[in-house]
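Each chain, letter by letter, is given below.
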Amino acid sequence: MSQRDPEYDRFGPWVIEISDEDPPPPLFQPHLTRPEAPLLSLKIPRKISRRDAHPGMDLYDYLVSLYEEDMVVLTRKDHDVEARTIRYLDVHHLSLRDELLRGILHLGVRDAPYDLPYNTVSGELMRRMVEIIRERYLPQEDTIAVDIEPVETTEMSFYFERLLREEQSDGGTMRPVATQTDTAMGALEEGVLRRVFFGLVDKRLLESLHLSDGRELKVIDRGQPFAYRWQSTYGRCETWIPLAGISAADWDWGDETDASPVTVTLDTGGGERRWNFTPNNPTLGSYRRFLTAVVGVNRR
């Protein structure tokens, strides 16, 4: 009788936390040389179906270990391993994006951003990872004293209203600084022919919710700025940016002769992040004042 392979028996599309029951994959074991125990260690499987897996195969593409000041990512390269250490202080923004079963954790690291793929059935474990990073990539007391003006949020969809309630439940300190509702671009056109054209293609600017607690900027959106009539939008993306790391906020107001969206681009030090708004968005003025104040504080 052949010996059972516990790792193969428990293999699936899910991310697994390393424990006595689920030890590190044999391929990665020789590279685990740090003496301290990690705060959290996860192994992320290869994107293969179970019927294509077999006992003894290297079944995991990544092993991620989070420590007090940094994280170590071990990546399978055929039968070799590539190791990378990322300090939390070098993470200038991060985002968690999911669409159906596909998820991506993006780390905005200067000169070397990193994307970590995962199956969304393991979303809660990946959120634990995000929380560990966010607790350490900026000191808790590192807040910026800028005014957060009240923002009207009544025109958001039920879905985004629920997300806002979740953010503010249980004493949450995140407050809205800007919103963008789902808007048909044709509604912004003044010319009849262009309104008809945009109405036929039904190009829509998708929703986004921008919040801050004086320490971070958090943006929740659909993971893409626009969608067309024939496109279903199932995606969701959450982005966190330490306010102290925003070095510039550039506004592109588009072509005043058409319905071009307004684009704000934030320089985080770990790459740019940008979002779109309709030109008549009532929250743009206060959002621009907020970001201008943040950048002004950071340049002192």
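Residues numbered from 1 in each chain as written. Predicted model: local features only at pLDDT ≥ 70, side-chain atom pairs only at ≥ 80, totals over all residues. Heavy atoms only, no water.

1. What about the overall build of the protein?
- Within the protein, the regular secondary structure consists of five helices and 18 strands.
- Referenced to the eigenvectors of the C-alpha coordinate spread, the extents of the protein come out at roughly 75 × 50 × 35 Å.
- A total of 300 residues make up the protein; the buried ones form 48% of that total.
- In the protein, 59% of the contacts between residues at least 6 apart in sequence involve partners at least 24 apart.
- Per element, the accessible surface of the protein, about 16,000 Å² overall, is 49% carbon and sulfur.
- The centroid of the 37 positive side-chain charges in the protein is displaced by 3 Å from the centroid of its 51 negative side-chain charges. (Helix = DSSP H or I, 4+ residues; strand = E, 2+ residues; numbered from the N terminus. Buried < 20%, exposed > 50% of the residue type's maximum accessible area, 1.4 Å probe, protein only. Contact = heavy atoms within 4.5 Å. Areas by Shrake-Rupley, 256 points an atom, 1.4 Å probe, with all protein chains shown as cover. Lys, Arg positive; Asp, Glu negative; His and termini not counted. Charge placed at Lys NZ, Arg CZ, Asp CG, Glu CD.)

2. Notes on the environment of Ser247
- With respect to the element layout, Ser247 can be found in the loop between strand 15 (236-242) and strand 16 (248-252).
- For Ser247 and Thr292, which are 45 residues apart along the polypeptide, the C-alpha to C-alpha distance reads 10 Å.
- Filtering out sequence-adjacent residues up to four positions away, Ser247 remains in contact with Asp267, Val295 and Arg299.

3. Quick word on the pairing of strand 13 (residues 216-221)
- In terms of burial, strand 13 is a largely internal element, six of the six residues being buried.
- Burial of strand 13 is two-sided: the residues Glu216, Lys218 and Ile220 facing one way and the residues Leu217, Val219 and Asp221 facing the other way are all buried.
- Examined bridge by bridge, strand 12 (residues 208-212) and strand 13 share five bridges and lie antiparallel to one another. By the bridge assignment, Ser212 is partnered in strand 13 with Leu217.
- From the end of strand 12 to the start of strand 13, which pair antiparallel, there are three residues, and Gly214 there has a positive phi angle of about 90 degrees.
- Pairing of strand 13 with strand 15 involves six bridges; the strand directions are antiparallel. Bridge pairing links Asp221 to Cys237 in strand 15. (Pairing = 2+ DSSP bridges.)

4. Let's talk about the sheet that holds strand 15
- Strand order in the open sheet made by the seven strands is 8-7-6-15-13-12-9, with antiparallel pairing throughout. The open sheet has two edge strands, strand 8 (114-119) and strand 9 (175-180), and neither has a second partner. Strand-to-strand twist across the sheet, computed as the mean angle between neighbouring axes with direction ignored, equals 15 degrees.
- Here helix 2 (residues 123-136) sits on the sheet and contacts strand 6 (91-99), strand 7 (102-109), strand 8, strand 13 and strand 15; the angle it forms with strand 6, its principal contact strand, is near 165 degrees. (Axes fitted to C-alpha atoms, helices over the stretch in contact; angles between N-to-C directions.)

5. Brief notes about the environment of Glu155
- Structurally, Glu155 is set in the loop between helix 2 and helix 3 (158-168).
- It is 42 Å that separates the C-alpha atoms of Glu155 and Glu69, two residues lying 86 residues apart in sequence.

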